[in-house]
Amino acid sequence: MSSESVVLLETVNFAAEKHRYQRRKDAEQTPYINHPIGVARILSHEGGITDIEVLQAALLHDTVEDTDTSIGELQAVFGQTVARIVQEVTDDKALSKEETKRQQVEYAPHASHQAKLVKLADKLYNLRDINRCTPTGWTAERVQEYFVWSAQVVRGLRGTNPALERHLEELFKQRGVEL
Ligand SMILES: Nc1nc2c(ncn2[C@@H]2O[C@H](COP(=O)(O)OP(=O)(O)O)[C@@H](OP(=O)(O)OP(=O)(O)O)[C@H]2O)c(=O)[nH]1
Ligand SMILES: [Mn+2]
């Protein structure tokens, strides 16, 4: 087996253990790990990304935000580049929800190319997920607001990956949201 396959298995296993008790917000309570795996899979399968550190960061991208994992831990286990990409896509927990959303819009254009890729795939996965099944308790208005805000973030990520951006543009268009 290639050394990159070994690394990816180590990474997906680490993420699965960290997200072990988490579920998605859909009615079926899908295991949370389906999301990071799906984000990495979008990058590889649809984005044509082969940069192993981007794929690793995708697998780990919600571990710091949503579990007890620290950036230092990621740095020790997976190295500085992977830890830095995850850091870039991690919301500051000290901020309010509204501030966090504003921060994402503001930071997007300044993110590294690698972090922009992860963010694009994260948004694409979540928007498709909403279309598949509305998260528990979300009104139609909240769904529309999520699309409008996501478009503001994605605007700052453009010029990064044409395939992913094309898919996102189509999803926004279906909701009458201009990119
Ligand atoms: N569509 C969808 N999202 C779900 C589901 N379960 C959990 N989520 C997560 O919820 C987040 C989107 O909802 P928000 O309104 O932004 O989050 P909040 O509940 O924490 O305020 C995403 O976080 P994120 O990945 O960190 O991305 P981002 O939205 O912060 O960019 C997404 O991964 C689900 O069943 N469907
Ligand atoms: Mn995510």
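Since this is a predicted model, take the numbers as computed values, not measurements. Position numbers for residues start from 1 in each chain and track the written sequence from start to end. Following the order in which they are written, the chains are lettered starting with A and the ligands numbered starting with 1. The predicted origin of the model limits local features to residues at a pLDDT of at least 70 and limits the giving and counting of side-chain atom pairs to 80 or more, whereas totals for whole chains, interfaces and linings rest on all residues. The side-chain numbers reported here are obtained from all heavy atoms of the structure, hydrogens and water having been left aside.

1. Topic: the site of ligand 1
Point 1. Taken together, 22 residues form the shell around ligand 1, and within it Lys-25, Lys-101, Lys-123, Arg-142 and Tyr-146 come nearest.
Point 2. Lys-97 has a polar side-chain atom sitting 3.1 Å from an oxygen atom of ligand 1.
Point 3. Contacts to ligand 1 include Lys-123, whose side-chain N or O atom sits 2.3 Å from an oxygen atom.
Point 4. The protein chains shown are the only cover counted for residues, whose accessible areas, like all others here, come from Shrake-Rupley with a 1.4 Å probe. Here ligand 1 has 690 Å² of accessible area as a free molecule, and 86% of this is covered by the chains.
Point 5. Numbering of helices and strands runs from the N terminus, with a helix taken as a DSSP run of H or I at least four residues long and a strand as a DSSP run of E at least two residues long. Among the elements that line the shell around ligand 1, the one with the most residues is helix α8 (residues 113–132), at six residues.
Point 6. Each residue is assigned to one class: nonpolar for Ala, Val, Leu, Ile, Met, Phe, Trp, Tyr, Cys and Pro, charged for Asp, Glu, Lys and Arg, and polar for all the others, Gly among them. In the shell around ligand 1, the residues fall into six nonpolar, three polar and 13 charged. Think of it this way: one heavy atom of a residue within 4 Å of a molecule or strand is enough to make that residue near it. Polar contact criterion, stated in full: a pair of N or O atoms within 3.5 Å, where within protein one must be able to donate a hydrogen and the other to accept it, and residues adjacent in sequence count only if both atoms are side-chain atoms.

2. Observations regarding helix α10 (residues 162–174)
Point 1. The span one expects for a helix is its residue count, reduced by one, times 1.5 Å. Helix length check: α10, at 13 residues, gives a terminal C-alpha distance of 18 Å against a target of 18 Å (1.5 Å per residue), a fit within 8%.
Point 2. Taken together, the buried positions of α10 are Ala-163, Leu-164, Glu-165, Leu-168, Leu-171 and Phe-172.
Point 3. Just past α10, the residue Gly-176 takes up positive phi, approximately 70°. For every residue, the accessible area (1.4 Å probe, protein chains only) is compared with the maximum for its type, and the residue is labelled buried under 20%, exposed over 50%, or partly exposed between those bounds.

3. Some details on the UniProt feature "domain: HD" (unreviewed entry) in the protein chain
Point 1. Summarizing the sequence annotation, UniProt attributes the feature "domain: HD" (unreviewed entry) to residues 32–127 in the numbering used throughout.
Point 2. Counted over residues 32–127, helix gives 72% and strand 0%. Its end C-alpha atoms are 15 Å apart. UniProt positions are given in the numbering used here, feature names are shortened, and annotations may be inferred rather than shown by experiment.

4. Some details on the coordination of the manganese ion (ligand 2)
Point 1. Listed as protein donors to the manganese ion (ligand 2) are His-35 (NE2), His-61 (NE2), Asp-62 (OD) and Asp-122 (OD); their distances from the metal cover 2.2 to 2.4 Å.
Point 2. Each metal site lists N, O and S donors within 2.8 Å (3.2 Å for Na, K and Ca). With water left out of the atoms, a site can look as if it is missing ligands. Positions of the donor residues of the manganese ion (ligand 2) along the chain correspond to the pattern H-x25-H-D-x59-D. Highlighted residues: Asp-62 in the loop between α3 (52–60) and α4 (63–66) and Asp-122 in helix α8, separated in sequence by 60 residues. Here the two residues Asp-62 and Asp-122 agree in accessibility, since each one is buried.

5. What to know about unusual backbone geometry
Point 1. Backbone geometry at Gln-29 places phi at a positive 50°, although glycine is not the residue there.
Point 2. Looking at the secondary structure, you find Gln-29 in the loop between α1 (3–18) and α2 (34–46).

6. A look at the packing of α2 against α8
Point 1. In this analysis an axis means a line fitted to C-alpha atoms, helices contributing only their contacting stretch, and an angle means the value between N-to-C directions, from 0 to 180 degrees. As a packed pair, α2 and α8 sit with axes 9 Å apart at the nearest point and diverge in direction by 115°. Here the hand of the crossing between α2 and α8 comes out right-handed. Counted together, Asn-34, His-35, Gly-38, Val-39, Ile-42, Leu-43 and Glu-46 of α2 and Leu-117, Val-118, Ala-121, Asp-122, Leu-124, Tyr-125, Asn-126 and Arg-128 of α8 form the full contact between these two elements.
Point 2. Of the residues in the contact of α2 with α8, the class split is eight nonpolar, four polar and three charged. In this scheme, a crossing is called left-handed if the near helix is turned counterclockwise away from the far one by less than a right angle; it is called right-handed if the turn is clockwise. In what follows, a contact means two residues having at least one pair of non-hydrogen atoms within 4.5 Å.

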